[in-house]
Amino acid sequence: MFHLELDQIEASYGTLKVLDGITLAVSPGEVVGLIGPSGSGKSTILRVLTGLLPPAKGTVQLDGERIDFGSAKAVRKLRERIAIVFQQYNLFQNMSVLDNVMIAPVKIRGRNKREVRAEAEALLAKVGLSDKLKQYPDQLSGGQQQRVAIARALCLKPQILLLDEITAALDPELVAEVLDTIRLLAAEGMTMLIVSHEMGFIREVSGRVAFLADGKIVELGEPAAILDTPKEARTHDFVSKILRH
Amino acid sequence: MDRILSELPEFFSYYNVIFLLKAAGTTIALSAIGCIFGGLIGAGIAVARLTTGWVSLPLRILAIAYTEVFRRVPFLVTLMLVFFAFQFSGFRVSTFTVGCVTVLLIASAFLAEIVRAGLQSVHANQWDAASAMNFGLMRTIRYVILPQAWKVILPPAFGFFILFIKDTALASYINVAELTYAGKVLNNKGFAAGLTFGTILLIYFAISYPLARLGAHLERRLVPSRTRSD
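Calculation criteria
Residues numbered from 1 in each chain as written. Chains lettered and ligands numbered in written order. Predicted model: local features only at pLDDT ≥ 70, side-chain atom pairs only at ≥ 80, totals over all residues. Core = buried A, V, L, I, M, F, W, Y, C linked by C-beta atoms within 7 Å. Buried ≥ 20, exposed ≤ 12 C-beta atoms within 10 Å, placed from the backbone. Helix = DSSP H or I, 4+ residues; strand = E, 2+ residues; numbered from the N terminus. Contact = placed C-beta atoms within 7 Å. Nonpolar A, V, L, I, M, F, W, Y, C, P; charged D, E, K, R; others polar. Pairing = 2+ DSSP bridges. Axes fitted to C-alpha atoms, helices over the stretch in contact; angles between N-to-C directions. Expected span 1.5 Å × (residues − 1). Arc of directions from axis to C-beta. pLDDT = per-residue confidence, 0-100. Parallel < 35°, antiparallel > 145°, perpendicular 65-115°, else oblique.

Draft legend 1. Local environment of the nonpolar core. Judged by nonpolar contacts, the single largest core of 126 residues is most densely connected at Leu-34, Val-101, Ala-153, Leu-162, Leu-163 and Ile-194 of chain A. If you tally residues by element for this core, the top one is helix H5 (residues 95-121) of chain B, at 14 residues. When neighbours within four sequence positions are excluded, Val-101 of chain A is seen to be in contact with Ala-120, Leu-123, Leu-124, Val-148, Ala-151, Arg-152 and Cys-155 of chain A.

Encoded structure:
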């Protein structure tokens, strides 16, 4: 059984259709890279999977269970299993690094504060931020903020982690520190959907890569097949442009 | 000046002082009801405007209609409308109650807009992050949005409170015995206008100045000022 299955997902922002029949199945522990031009719907898939944008058509199944996006309870359950890291980090500006990581497990999930604190400190140590616990987001660099965002997502103990262009807002020298963290997670067997323009990174960590255009998956396959020998002309155009830069 | 000085002992007679203090109490009560309960109702209306989906659409329309109407109608007109609405409906209520209902209507509409603007000033990505972590509307506002919105809400809210204390003077039109009404009464009794309204001015100042200080204090406490340390 697949861990996550999207079947003919369609989604729109107002009258603009952004996803037009996305079908994708992800196995447990698999890392799928989502690539494609801006506006192709990559990030929208992640928004659908976190219930931020309910799909207009199609189904999402998690471990064989169909998600009813019209039911608040079902969406809450979905969000207990899937966590997302946003491109702009989206850290809570009014909270310290430690509070950002602890707030949801403690206040929303009602877990023991001391236990969560120990986990949060361990996760922040794992992403190399042990010395920043009391700092606020605006006192951190972009790379540090993004690593806090990753720790915050992990503290929710998700079964699936969604990463939305997490290096796009970072200076090149900060990209490596974030990607190291993701490599570590991939090695630990975390199921992940990664939207990224870092082709080298996508090739390295992904088990499969999906190329999207105009809200559709144009091509799906192993990284080498998609990035080196794409079958579709659109994939070829995109990949050759990206790799040239 | 000589007249004012000669009137001073009589003006500050025991009964006049009690009369002025009671009037000040009424002004404070009207203002407090407007600011505190108006603030709470206004916050509720602001949150209602932030709801999404079809189910809460009537609530949103109602909230928008309420704020748009009562922010546009002058205080005096609202006061008269409430006054005659109570008369028409046959409810026998005191003019103070009419004043209270009016201040609630006006203050809640204005404060709803101030709170809404504050809540919406917080970047959409904060709402997204909270939603994705299952915060729900109320907990998102409590833990994430409101702490960041204070800096936008507090200055205009306290500016409004101070304006509003002065607006409660209009309740004197329906004979609510608040400060301005007390001033008119004492002036009609023959006390010099300068003395009477000068005293009223000082009392208004004594009421509104601590409020302004409270606003500044809350701003300092609730809006952390941090600078980058690296």
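Following the structure, the description resumes.
Draft legend 2. Region of the structure containing the interface of chain A and chain B. With 20 residues of chain A in contact, the opposing surface of chain B contributes 18 residues. Broken down by secondary-structure element, the contributors of at least two residues to the side of chain A that touches chain B are helix H2 (72-81) and helix H3 (97-108) of chain A. Counting residues per element, the side of chain A that touches chain B draws most heavily on H3 of chain A, at 4 residues. For the side of chain A that touches chain B, the class distribution of residues is 9 nonpolar, 6 polar and 5 charged.

Draft legend 3. Seen up close, the sheet that holds strand S4 (residues 57-62) of chain A. Residue and element names in this part refer to chain A. With antiparallel pairing, the 4 strands of this open sheet are ordered in space as S2-S1-S4-S5. In this open sheet, the two edge strands, each paired with only one partner strand, are strand S2 (16-26) and strand S5 (65-66). In the sheet, strand S1 (residues 4-13) pairs with S4 via 5 bridges, with the strands oriented antiparallel. The partner of Leu-4 across the bridge, within S4, is Leu-62. Where helix H1 (residues 42-49) meets the sheet, its contacts fall on S1, S2 and S4, and the angle it forms with S2 comes to roughly 70°.

Draft legend 4. Summary view of helix H6 (residues 172-187) of chain A. All names here are of chain A. Between its terminal C-alpha atoms H6 stretches 23 Å, which fits the 22 Å expected from 16 residues at 1.5 Å a residue. Of the positions making up H6, those classed as buried are Val-178, Thr-181, Ile-182 and Ala-186. Each buried residue of H6 lies within a common arc of 145° when the element is viewed along its axis, so the set occupies one face. Among the exposed residues of H6, those pointing more than 90 degrees away from its buried face are Glu-173, Ala-176, Asp-180 and Ala-187. Lining the buried residues of H6 we find strand S3 (31-35), helix H5 (142-154), strand S7 (160-164), strand S8 (191-195) and helix H7 (199-205). Gly-189 sits one or two residues past H6 and shows a positive phi near 90°.

Draft legend 5. Here's a closer look at helix H6 (residues 124-132) of chain B. The set of residues buried in H6 of chain B consists of Trp-127, Ala-129, Ala-130 and Ala-132 of chain B. Residue Asn-134 of chain B follows H6 of chain B closely and has a positive phi angle near 70°.

Draft legend 6. Representation of the pairing of S8 of chain A in the model. Residues and elements named next belong to chain A. Of all 5 residues that make up S8, 5 are buried, and the element is covered over most of its length. Residues Thr-191, Leu-193 and Val-195 of S8 are buried on one face, and the alternating residues Met-192 and Ile-194, pointing to the opposite face, are buried as well. By the bridge criterion, 5 bridges tie S7 to S8 in an arrangement that is parallel. Bridged to Leu-163 within S8 is Ile-194.

Draft legend 7. Inspection of the confidence of the model for chain A at higher detail. Residues of chain A with pLDDT of at least 70 account for 99%, and the chain-wide mean is 91. Confidence, read as mean pLDDT per element, is least for H6 of chain A in chain A (81) and greatest for H3 of chain A (96).

Draft legend 8. A look at unusual backbone geometry. Residue and element names in this part refer to chain A. Within the chain, Asp-63 stands out as a residue other than glycine whose phi angle is a positive 50°. Checked against the element boundaries, Asp-63 lands in the loop between S4 and S5. Exposure remark for Asp-63: the 12 C-beta atoms within 10 Å place this residue in the exposed category. You will see that Tyr-89, though not glycine, has its phi angle at about 65°, which is positive. The residue Tyr-89 is located in the loop between strand S6 (82-85) and H3 in this model. A residue is classified by how many C-beta atoms lie within 10 Å of it, and Tyr-89, with 24 of them, is buried.

Draft legend 9. Region of the structure containing the packing of helix H7 (residues 136-167) of chain B against helix H9 (residues 193-222) of chain B. Residue and element names in this part refer to chain B. Running from amino to carboxyl end, H7 crosses H9 at an angle of 175°, the nearest separation of the two axes being 10 Å. If you check the angle between H7 and H9, you find them roughly antiparallel. For the pair formed by H7 and H9, the contact residues are Trp-150, Leu-154, Pro-155, Phe-158, Phe-161, Ile-162, Ile-165 and Lys-166 on the first element and Tyr-204, Ile-207, Ser-208, Leu-211, Ala-212, Gly-215, Leu-218, Glu-219 and Leu-222 on the second. A breakdown of the residues in the contact of H7 with H9 according to their chemical character gives 13 nonpolar, 2 polar and 2 charged.

Draft legend 10. Quick look at the pairing of S7 of chain A. Residues and elements named next belong to chain A. Of all 5 residues in S7, 5 are buried; the element is thus mostly enclosed. Residues Ile-160, Leu-162 and Asp-164 of S7 are buried on one face, and the alternating residues Leu-161 and Leu-163, pointing to the opposite face, are buried as well. Strand direction decides the pairing type here: S6 and S7, joined by 4 bridges, are parallel. Its bridge partner being in S7, Ala-83 is matched across the sheet by Leu-161.

Draft legend 11. How the structure looks around the sheet that holds strand S9 (residues 208-213) of chain A. All names here are of chain A. Read from one edge to the other, the open sheet built from 6 strands follows the order S6-S7-S8-S3-S9-S10, with strand pairing classed as mixed. Single-partner strands in this sheet number two, and they are S6 and strand S10 (216-221). Ignoring strand direction, the axes of neighbouring strands in this sheet form an average angle of 20°. Pairing of S3 with S8 involves 4 bridges; the strand directions are parallel. Note that in S8 the partner of Gly-33 across the bridge is Ile-194. H5 rests against S6 and S7 of the sheet, and its axis sits at about 175° to S6.

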